[in-house]
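Descriptive structure summary
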Amino acid sequence: RLGQYLTYIALELERINSERDEPSSELKKLHEDVQGAIGEFRDTLIELRTSVSAERPLTVVLAEVVDRFRRRSAVDCALSVRSTPERLPAIIENELLRIAQEALVNIQKHAGASRVHVRWSVSDGRGVLVIEDDGRGFDPGKGIRGSAYGLVGMRERAASVGAMLDISSALGHGTTITVQTSQTSEQVKKP
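Below is a summary of the structure that appears in this document. (Residues numbered from 1 in each chain as written. Predicted model: local features only at pLDDT ≥ 70, side-chain atom pairs only at ≥ 80, totals over all residues. Heavy atoms only, no water.)

**Observations regarding the nonpolar core**
- Grouped together as the largest cluster of nonpolar side chains are 35 residues, with contacts concentrated most on Val116, Val118, Leu129, Ile131 and Val179.
- For this core, the secondary-structure elements that each account for two or more residues are helix 3 (58-73), helix 4 (90-111), strand 2 (115-123), strand 3 (126-133), helix 5 (149-160), strand 4 (164-169) and strand 5 (175-180).
- Among the elements that make up this core, the one with the highest residue count is helix 4 (nine residues).
- Apart from the residues lying within four places of it in its own chain, the contact partners of Val118 are Leu62, Val66, Cys77, Ala78, Leu79, Ser80, Leu104, Leu129, Val130 and Ile131.
- By size, the runner-up hydrophobic cluster in this structure holds six residues, among which are Leu6, Ala10, Leu13 and Ile38. (Core = buried A, V, L, I, M, F, W, Y, C linked by side-chain atoms within 4.5 Å. Buried < 20%, exposed > 50% of the residue type's maximum accessible area, 1.4 Å probe, protein only. Helix = DSSP H or I, 4+ residues; strand = E, 2+ residues; numbered from the N terminus. Contact = heavy atoms within 4.5 Å.)

Right under this line is the structure:
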């Protein structure tokens, strides 16, 4: 329904502007903003529908997410995967996927980064996900403000699967987010 409302607003703005002899620059700008919101809404839906499954491991889905990020943000983003036949359970890989997606959204909205590097590896039943950017960074010593739901959500997701999340950042020196899963014998799945 939200998508339908936004589309309706965009069409009405277009109609109002077309009925004028001299189109209003304010209405044109508002129409562009609504079109941008529609695009962001569609991207969000695609990201929410993206998930890891038995047939689609995190390595595959993460490559798609990084590619979409690269196209929509124009930020140079590289993905490095240390390939092994080992996998973590889909529930853990899905939480790691959501953490990576949130980190990339934060980078796009707040970091002002020109380069991002995402690394993923699994070894001996332990997964390590690293998202590193060269953006403006922030002072982690000031704590996480109450409205920083993305960072709070990443911490909650990591904790929900027994993983440790570390956020390392400094003003003017970018941010590195590292997620390490714990090792348990029932976690490890080999295809």
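Next comes the rest of the account.
**Re the pattern of salt bridges**
- Taken as a whole and judged by the stated rule, the model has eight salt bridges.
- The residue Arg70 makes a salt bridge to Asp67 at a minimum N-O spacing of 3.3 Å. Note that Arg70 and Asp67 are positioned in helix 3 at a spacing of three residues, about one turn of the helix.
- For the salt bridge of Glu132 with Arg119, the shortest nitrogen-to-oxygen distance reads 3.2 Å. Of the two residues, Glu132 sits in strand 3 while Arg119 sits in strand 2, which places them 13 residues apart along the sequence. (Salt bridge = Lys/Arg side-chain N within 4 Å of Asp/Glu carboxyl O.)

**A short note on helix 1 (residues 2-18)**
- Between its first and last C-alpha atoms helix 1 spans 24 Å; for 17 residues at 1.5 Å apiece the expected length is 24 Å, and the two agree.
- Residues of helix 1 that are buried: Gly3, Leu6, Ala10, Leu13 and Asn17. For helix 1, the angular spread of buried residues about the axis comes to 90°, placing them on one side. Exposed residues lying more than 90 degrees from the buried face of helix 1 are Gln4, Tyr8 and Leu11. (Expected span 1.5 Å × (residues − 1). Arc of directions from axis to C-beta.)

**Some points on the packing of helix 3 against helix 4**
- Contact geometry for helix 3 and helix 4: axes closest at 11 Å, N-to-C directions at 10°. In terms of their interaxial angle, helix 3 and helix 4 are classed as roughly parallel. Here helix 3 runs over helix 4; the crossing is right-handed. Of helix 4, the residues touching helix 3 (which contributes Leu58, Val61, Leu62, Val65, Phe69, Arg72 and Ser73) are Glu93, Leu96, Leu97, Ala100, Gln101, Leu104, Val105, Ile107 and Gln108.
- Residues that form the contact of helix 3 with helix 4 fall into these classes: eleven nonpolar, three polar and two charged. (Axes fitted to C-alpha atoms, helices over the stretch in contact; angles between N-to-C directions. Parallel < 35°, antiparallel > 145°, perpendicular 65-115°, else oblique. Left-handed = near helix turned anticlockwise from the far one by under 90°. Nonpolar A, V, L, I, M, F, W, Y, C, P; charged D, E, K, R; others polar.)

**Looking at the pairing of strand 2**
- Relative to strand 2, strand 1 (residues 76-82) runs parallel, the two being bridged by seven bridges. Across the sheet, residue Val81 finds its bridge partner in strand 2, namely Trp120.
- Crossover handedness for the path strand 1 to helix 4 to strand 2: left-handed.
- Sheet analysis places strand 2 next to strand 3, joined by eight bridges and oriented antiparallel. Counted as the bridge partner of Trp120 is Leu129 from strand 3.
- In sequence, strand 2 turns back onto strand 3 through a hairpin of two residues, with Asp124 there showing a positive phi of about 50°. (Pairing = 2+ DSSP bridges. Right-handed = clockwise from strand over helix to strand, strands pointing away.)

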